[in-house]
Amino acid sequence: IEMPLALVLAEMELAGFCVDVEGIKSYGLELAARADELKERIYGFAGEEFNISSPKQLGEVLFERMMLPVIKKNKTGYSTDADVLKKLMPYHPIIEDILDYRQMTKLKSTYADGLPKAADENGRIHSVFNQTGTATGRLSSAEPNLQNIPVRTAEGREFRKYFIPQDENHVIIDADYSQIELRILAHIANDEAMINAFLSGVDIHTATASRVFSIPTDEVTAEQRKRAKAVNFGILYGMGEYSLSEDLGISMAQAKKYIASYLEGFPSVKEYLDNIKKTAKK
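Everything numeric here is computed off the predicted structure, so don't read it as measured data. (Residues numbered from 1 in each chain as written. Predicted model: local features only at pLDDT ≥ 70, side-chain atom pairs only at ≥ 80, totals over all residues. Heavy atoms only, no water.)

Asker: Got a minute to help me understand the packing of helix H13 (residues 252-265) against helix H14 (residues 267-281) in this structure?
Answerer: Between two packed helices, both the angle of their axes relative to each other and the distance between the axes serve to describe the pair. At their nearest, the axes of H13 and H14 sit 4 Å apart, and the two run at 105° to each other. The pairing of H13 with H14 is recorded here as roughly perpendicular in orientation. Only Pro267, Val269, Lys270 and Leu273 of H14 make contact with H13, whose side of the interface consists of Tyr262, Leu263, Glu264 and Gly265. Classifying every residue of the contact of H13 with H14 by side-chain character gives 5 nonpolar, 1 polar and 2 charged. (Axes fitted to C-alpha atoms, helices over the stretch in contact; angles between N-to-C directions. Helix = DSSP H or I, 4+ residues; strand = E, 2+ residues; numbered from the N terminus. Parallel < 35°, antiparallel > 145°, perpendicular 65-115°, else oblique. Contact = heavy atoms within 4.5 Å. Nonpolar A, V, L, I, M, F, W, Y, C, P; charged D, E, K, R; others polar.)

If you want it as structure tokens, here you go:
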């Protein structure tokens, strides 16, 4: 299995991926301008100029000058990591600007500056695909890593449009298994409700939302589908109510309720998960 794959990967590495280098550079200027705007706003809120990228200076501004509540301390002083800042969001608008500023500067340095440097004179990026780099056997990509082009934010997703076919005779195809883990779960748990959802062609996250929120499938909103998706995959990988509440920004009681109504809706999945624990213990 691995040797024939090595030849395919070699071809992929030699061919490289075509990118619109000029497009990426001009988007980088846009990101830089937005970062500058945010920087000025942050200075305005703080009442002074400081190095926003320095955790020490940022900590002093937020917790000593602006007197925001201290969430966590570490060896070097105040913690200003993303989790801490998210908890401070309700206290002051500066926090959202700091998080956005971090995002803009990271996107600019990692992708807007990094991708053009990695491209050859024909605008192609030759990533290295490593077939023995992970414990699970999946591929990894390095120098640069093309598997982590951002997708979660609108600004990050923008980079995907700069990956282009080499000419008008080529197209880029994106193919993915549809809900592969949940199909495996439906099969091994032999859950009738989940199997029927797949067989009827209904979107599984919408079907789950309909069960969790006790509403007809055609009334499920995008937000409810998103929550059901978190429940679907969370429960599959053993997530408890604490992690689910953190992920969705809801109370633990609400998360507990989501999980309970999910397991009620898919009784064989509950039985399967309970049996797995018993078998492991035995």
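Asker: Would you take a moment to explain the packing of aromatic side chains for this structure?
Answerer: Here a ring pair, both rings aromatic, is described through the centre-centre distance and the interplanar angle of the planes. Overall, the coordinates contain 8 aromatic pairs when judged by the stated rule. Judged by centre distance (5.2 Å) and plane angle (80°), the ring pair of Phe17 and Phe163 falls under edge-to-face. With Phe17 in strand S1 (residues 17-18) and Phe163 in the loop between helix H7 (154-157) and helix H8 (180-189), this residue pair connects regions lying 146 residues apart in the sequence. Residue classification places Phe163 among the buried residues on the basis of a relative accessible area of 11%. Through a chain of ring-to-ring contacts, three or more aromatic side chains come together here, namely Tyr27, Tyr111, Phe159 and Tyr162. (Phe/Tyr/Trp six-rings, centres within 6.5 Å; stacked < 30°, edge-to-face > 60°. Buried < 20%, exposed > 50% of the residue type's maximum accessible area, 1.4 Å probe, protein only.)

Asker: Which parts of the structure should I look at to understand unusual backbone geometry?
Answerer: Excluding glycine, residues mostly have negative phi values, and the peptide bonds linking residues are mostly trans. Backbone torsion omega between Glu143 and Pro144 reads -5°, so that peptide bond is classified as cis. Mapped onto the secondary structure, Pro144 falls in the loop between strand S6 (140-142) and H7. Despite not being glycine, Glu143 has its phi angle at roughly 50°, a positive value. Inspection of the secondary structure puts Glu143 in the loop between S6 and H7. For Glu143, a relative accessible area of 66% puts it in the exposed group. In this structure, Asn190 is a non-glycine residue whose phi angle is positive, near 50°.

Asker: Please explain the environment of Ile149 as it appears in this structure.
Answerer: Along the chain, the position of Ile149 falls in the loop between S6 and H7. Its relative accessible area of 7% is what places Ile149 among the buried residues. Here the alpha-carbon distance between Ile149 and Phe159, two residues 10 residues apart in the chain, equals 7.2 Å. Excluding residues that lie within four positions of it along the chain, Ile149 makes contacts with Tyr111, Phe159, Arg160 and Phe163.

Asker: I would appreciate a short explanation of H8 in the present structure.
Answerer: Spacing of three or four residues puts side chains on the same side of an α-helix, whose turn is 3.6 residues. Three or more residues of H8 are buried, namely Leu182, Leu185, Ala186 and Ala189. Down the axis, H8 shows its buried residues gathered within 100° of arc, on one side only. Following H8 by one or two positions, Asn190 adopts a phi angle in the positive range, close to 50°. (Arc of directions from axis to C-beta.)

Asker: Got a minute to help me understand the pattern of salt bridges in this structure?
Answerer: Between side chains of opposite charge, a pair can form as their charged atoms come close. Scanning the entire structure with this criterion turns up 11 salt bridges. A salt bridge links Asp97 to Arg41, with the nearest nitrogen and oxygen atoms 2.6 Å apart. Here the residue Asp97 occupies a position in helix H5 (residues 94-112), and Arg41 occupies one in helix H2 (residues 21-46), the gap between them amounting to 56 residues. Taking the relative accessible area as the measure of exposure, Asp97 reaches 3% and is therefore buried. Note on Arg41: relative accessible area 48%, which makes it partly exposed. (Salt bridge = Lys/Arg side-chain N within 4 Å of Asp/Glu carboxyl O.)

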